[in-house]
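What follows is the residue order along each chain.
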Amino acid sequence: RIEIGDGQKCLPLSPPRKASERLLNRNFFSEDLSDSSFNFFMLENVIFSKCNLSDSTFNNANISGVTFEECNLEYAEFKDSNLSNVEFHNSDLVQVVIMSSVKDSTFYDCDMTTSCLVKSVFEGCSFIGCNMEETNFIKGILRASVLHHAKLGRSIFDRTIIEHCDLRWTDFEGSRY
């Protein structure tokens, strides 16, 4: 296990914390952090490179300036969190759950197939070359964002507001609105 914060270990599925813990200016390379809880954490200027973060939770977290590069985030959860200036590069986000506010963040060449993006607000975000087939955008807001060469086939946009977005070269074949 890795040491985080004030010597506390990041244990799999640890109980929610009441006070925010801080994880600042750290780099993780090829770490197995699957099933970890980052709930109630403040993550700033952290780089996760080639890490396994599958089944991890980032609920009620403040995440800023964080990079996920070639990471496995399958089944990860981001509920009631604030993400700003977060970068996801070539990462696996299959069936990820994002029910949060996401601002000025980039998703580049990510696999987001069958993800659940329910009641989320994406503002100023870029989705470039992402596979987002069968993704659920339900009761969300997509504002001032860019989706280029994204595959959104058979996705569901139920009660979703899409405003001032650039959707050029995006495939919506079979999607429902």
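The present account deals with the structure reproduced in this document. (Residues numbered from 1 in each chain as written. Predicted model: local features only at pLDDT ≥ 70, side-chain atom pairs only at ≥ 80, totals over all residues. Heavy atoms only, no water.)

This part is about the environment of Glu133. With respect to the element layout, Glu133 can be found in the loop between β14 (126-128) and β15 (136-138). A C-alpha to C-alpha distance of 5.9 Å links Glu133 and Arg154, two positions 21 residues apart in sequence. Setting aside residues no more than four positions away along its own chain, Glu133 makes contact with Thr113, Thr114, Lys151, Leu152, Gly153, Arg154 and Ser155. (Helix = DSSP H or I, 4+ residues; strand = E, 2+ residues; numbered from the N terminus. Contact = heavy atoms within 4.5 Å.)

Our focus in this paragraph is the sheet that holds strand β19 (residues 161-163). Across the sheet, which stays open at both edges, the eight strands sit in the order β3-β5-β7-β9-β11-β13-β16-β19 with parallel pairing between neighbours. The strands lining the two open edges of the sheet, one partner per strand, are β3 (21-24) and β19. The average angle at which neighbouring strand axes cross in this sheet is 15°, direction not considered. Here three bridges tie strand β13 (residues 121-123) to strand β16 (residues 141-143), and the two strands are oriented parallel to one another. Along β16, the bridge assignment pairs Val121 with Ile141. (Pairing = 2+ DSSP bridges. Axes fitted to C-alpha atoms, helices over the stretch in contact; angles between N-to-C directions.)

Turning our attention to the state of the cysteines. Taken as a whole, this structure holds zero disulfides when the rule is applied. Sulfur of Cys51: no disulfide; nearest cysteine sulfur belongs to Cys71 and is 4.9 Å away. With relative accessibility at 3%, the residue Cys51 sits in the buried group. Not part of a disulfide, Cys130 finds its nearest cysteine sulfur in Cys110, a span of 4.8 Å. Judged by relative accessible area, Cys130 falls into the buried class, the value being 1%. (Disulfide = S-S within 2.5 Å. Buried < 20%, exposed > 50% of the residue type's maximum accessible area, 1.4 Å probe, protein only.)

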